[in-house]
Amino acid sequence: MKKISKIKNGLFKRNSVLLKHALKTGANILANKDDPKKIIESIVGVNPDKFIDELSTFKGSVTKAGQLLSQYGEYYLPDNINEKLKKLQSSSHFLDYSQIESQISSKAIEELEIERDPLAAASIGQVHRAKDQNGKSLVLKIQYKGIEKAINGDMFFLKMLMKSLKIFPKGIDTEDIFNELERMLRNEMDYDLEISLMKKYKEANDDDFFYVPSVVDEYCNKKSICMEYIDGVNLGDINPSDFSKDKIDNLGAKIFKLFLKEIFEFNLVQSDAHGGNFLVNEDLTKLYLLDFGACGELTDEVLDFYRNFLRHSFNLDREAFFSEIQRFIKYSNKSLEYDEDIMWEYIVRVSDPLRSDSFDWGNTTLPDDLVEIGKRLRKTLKFKSIPSQFIFIDRKLLGVFALLRQLKASFNVKEVFEDFV
């Protein structure tokens, strides 16, 4: 990690630097609209280190975009480029402690011994280790000063960029996509909400394999969260070959089970499913969940649609699936046209793991197959906007798939899924 003096949050200063990337990116999207790999390679460029270094200084929605890119890079990117992008998941440029100290509660400053160098830095804030007066290890998650102003500029710029480049087909309203991105970032800045959801998630969890750190309320405020310190290994740094196959496969099965528990039991979805948001212990018998800034509390009504999509896909019940699609379109008050045969081909393929007694996530053509079918499906789609809550859940599902592929896990997906349906 490298130290920076402050966040670039002025609209002109920030976006003049972004413009050179944006113009190149827009042109390449237009030229390679059916080839995600070429698009991403064009964004990263021939010097991945320089691209990552520059992206890390911006924080906010720009860094978040890079983190999402790294999360799904497994599917499209060469290993050397994806390894560079992965650095954004748990490491980034950080602000000098003097620039963020005013964000911490006076009680924490008075009573805690806070390390000045951070453990990690991300898009919204950075994490510092601390000790209380009894010597207990804690961590402080501290929000960057000026980050809200930076995000305001980013959203304005991104909307202007998309409209001017005309990347999306004529007639499509992208407002839901921007609303979801902005909602996600605003929620991540609402530390009161994050603490509340973190406590709800901890209470809902009934499996000792998963652990949510306890919040130390007396040292929290609206700009910083204090919680117990967890000693573990970043999940994104795990090399599957360093562990027994049984350990890796059990971890993969548990990660998939947690996703299903969120959908079918918790009604809480921790949507940022990348390695930087999890720690594991040395023998892979415990998974620590660290970040709840992007956690979403969804209604039973919305989740019921998603549950039924999963059930009907699993059972290969085409009639029931498309009946549910039509019910959802009516509920969401959106318009959607598609080729039913290609849509069903896509659904059958994406749900293949659910029917497998031993699905090998590290050795599958599933991502490539979905890209190929998706190209054909996109040409038949006619819609004006996409419901934001389904963008949220789909992002979670893709993140889980990417984690399982990174771990090269192989387990009985069908057995895990049948516990819930």
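Before reading on, note that the structure itself is shown above.
Residues numbered from 1 in each chain as written. Predicted model: local features only at pLDDT ≥ 70, side-chain atom pairs only at ≥ 80, totals over all residues. Heavy atoms only, no water.

Asker: Would you mind showing me how to read the overall build of the chain here?
Answerer: When its secondary structure is counted, the chain shows 17 helices and 17 strands. Taking all 421 residues of the chain together, the buried fraction comes to 53%. A total accessible area of about 19500 Å² is found for the chain, and carbon and sulfur atoms account for 50% of it. (Helix = DSSP H or I, 4+ residues; strand = E, 2+ residues; numbered from the N terminus. Buried < 20%, exposed > 50% of the residue type's maximum accessible area, 1.4 Å probe, protein only. Areas by Shrake-Rupley, 256 points an atom, 1.4 Å probe, with all protein chains shown as cover.)

Asker: Would you explain a negative patch on the surface in this entry?
Answerer: Taken together, the side chains of Asp 357, Glu 415, Glu 418 and Asp 419 present a region of like negative charge at the surface. When you line up the elements, Glu 415 lands in helix H17 (residues 413–418). (Patch = residues over 30% accessible without salt bridge, like charges linked within 9 Å, V, L, I, M, F, W, Y side chains within 5 Å. Salt bridge = Lys/Arg side-chain N within 4 Å of Asp/Glu carboxyl O. Lys, Arg positive; Asp, Glu negative; His and termini not counted. Charge placed at Lys NZ, Arg CZ, Asp CG, Glu CD.)

Asker: How do you make sense of the packing of helix H14 (residues 340–350) against helix H15 (residues 366–378) when you look at a structure like this?
Answerer: Helix-helix packing: each pair is described by the crossing angle between the helix axes and the interaxial distance. Packing of H14 against H15 leaves a shortest axis separation of 9 Å and a crossing angle of 165 degrees. For the element pair H14 / H15, the angle class is roughly antiparallel. Relative to H15, the crossing made by H14 is left-handed. Contacts between H14 and H15 involve Ile 342, Met 343, Glu 345, Tyr 346, Arg 349 and Val 350 from the first element and Leu 366, Asp 369, Leu 370, Ile 373, Gly 374, Arg 376 and Leu 377 from the second. Residue composition of the contact of H14 with H15, by class: 8 nonpolar, 1 polar and 4 charged. (Axes fitted to C-alpha atoms, helices over the stretch in contact; angles between N-to-C directions. Parallel < 35°, antiparallel > 145°, perpendicular 65-115°, else oblique. Left-handed = near helix turned anticlockwise from the far one by under 90°. Contact = heavy atoms within 4.5 Å. Nonpolar A, V, L, I, M, F, W, Y, C, P; charged D, E, K, R; others polar.)

Asker: Would you explain helix H10 (residues 191–204) in this entry?
Answerer: Each full turn of the α-helix corresponds to 3.6 residues, which orients residues three or four apart in the same direction. For H10, with 14 residues, the first-to-last C-alpha span of 20 Å sits near the 20 Å given by 1.5 Å per residue. Of the positions making up H10, those classed as buried are Tyr 191, Glu 194, Ile 195, Leu 197, Met 198 and Tyr 201. Measuring from the side-chain oxygen of the N-cap residue of H10 to the backbone nitrogen of Asp 192 gives 3.3 Å; that N-cap residue is Asp 190. (Expected span 1.5 Å × (residues − 1). Polar contact = N/O pair within 3.5 Å; in protein donor to acceptor, adjacent residues only side chain to side chain.)

Asker: Is there a simple way to explain the nonpolar core in this structure?
Answerer: The nonpolar side chains of soluble globular proteins are, as a tendency, buried together. Counting 94 residues, the largest nonpolar core has Leu 235, Phe 256 and Leu 287 as its most contacted members. A total of 11 residues in this core trace back to one element, the largest contributor, which is helix H11 (residues 245–266). Every residue in contact with Phe 256, bar those within four places of it in the chain, is listed here: Leu 354, Val 400, Leu 404, Phe 411, Val 413 and Val 416. (Core = buried A, V, L, I, M, F, W, Y, C linked by side-chain atoms within 4.5 Å.)

Asker: Explanation requested: the side chain of Asp 291 in the structure shown.
Answerer: Within the secondary structure, Asp 291 sits in the loop between strand S12 (287–289) and strand S13 (295–297). Assessed through its relative accessible area of 18%, Asp 291 is described here as buried. At 3.2 Å, the side chain of Asp 291 and the side chain of Lys 141 are in polar contact. Residues in contact with Asp 291, not counting those within four places in the same chain, are Lys 141, Glu 194, Gln 270 and Asn 277.

Asker: Whenever I open this one, the environment of Leu 138 confuses me. Can you help?
Answerer: With respect to the helices and strands, Leu 138 occurs in strand S6 (residues 137–143). The class of Leu 138 is buried, set by a relative accessible area of 1%. Taking the C-alpha atoms as reference points, Leu 138 and Leu 112, separated by 26 residues in sequence, lie 9.0 Å from one another. Excluding its chain neighbours within four sequence positions, the residues that come into contact with Leu 138 are Leu 112, His 128, Arg 129, Ala 130, Asp 132, Val 216, Tyr 219, Cys 226, Met 227, Glu 228 and Tyr 229.

Asker: Hey, could you run me through the pattern of salt bridges in this one?
Answerer: Opposite charge on two side chains lets them pair, provided their charged atoms get close. All told, the structure shown has 22 salt bridges when counted by the stated rule. Linking Arg 327 and Glu 324 is a salt bridge whose minimum nitrogen-to-oxygen distance equals 2.6 Å. One end of the pair is Arg 327 and the other is Glu 324, both in helix H13 (residues 318–332) and 3 residues apart, which spans about a single turn. Taking relative accessible area as the criterion, Arg 327 reaches 39% and is therefore assigned partly exposed.

Asker: How should the sheet that holds S12 be read in this particular structure?
Answerer: Hydrogen bonds between backbone groups are what pair the strands of a sheet, and the pairing can be parallel or antiparallel. Taken together, 4 strands build an open sheet; the order of strands is S7-S12-S11-S9 and the sheet is mixed. Each having just a single partner strand, strand S7 (210–211) and strand S9 (233–234) make up the two edges of the open sheet. Both S7 and S12 contribute to a ladder of 2 bridges, which runs parallel. Each bridged residue has a counterpart across the sheet, and for Phe 210 the counterpart in S12 is Leu 287. (Pairing = 2+ DSSP bridges.)

Asker: How do you make sense of unusual backbone geometry when you look at a structure like this?
Answerer: Most peptide bonds are trans, and most residues other than glycine sit at a negative phi. Unlike most non-glycine residues, Leu 316 shows phi in positive territory, near 50 degrees. Structurally, Leu 316 is set in the loop between helix H12 (300–314) and H13. With a phi close to 55 degrees, Lys 408 is a non-glycine residue in the positive phi region. Tracing the backbone shows Lys 408 in the loop between helix H16 (388–407) and strand S17 (410–411).

Asker: I'm lost on the pairing of strand S8 (residues 224–228) in this one. Help?
Answerer: A regular strand places its side chains on the two faces of the sheet in alternate fashion. With 5 of 5 residues buried, S8 lies mostly within the body of the structure. When S6 meets S8, the two strands line up antiparallel, connected through 5 bridges. Looking at the pairing, Leu 140 lines up with Cys 226 of S8.

Asker: Looking at this structure, how should I read the pairing of S6?
Answerer: Counted residue by residue, S6 has 7 buried out of 7 residues, so it is predominantly covered. The alternating pattern of S6 places Ser 137, Val 139, Lys 141 and Gln 143 and Leu 138, Leu 140 and Ile 142 on opposite faces, both of which are buried. By the bridge criterion, 7 bridges tie strand S5 (residues 125–131) to S6 in an arrangement that is antiparallel. In the sheet register, Gly 125 faces S6, and the bridge partner there is Gln 143. Joining the antiparallel neighbours S5 and S6 is a turn of 5 residues, in which Gly 135 adopts a positive phi near 85 degrees.

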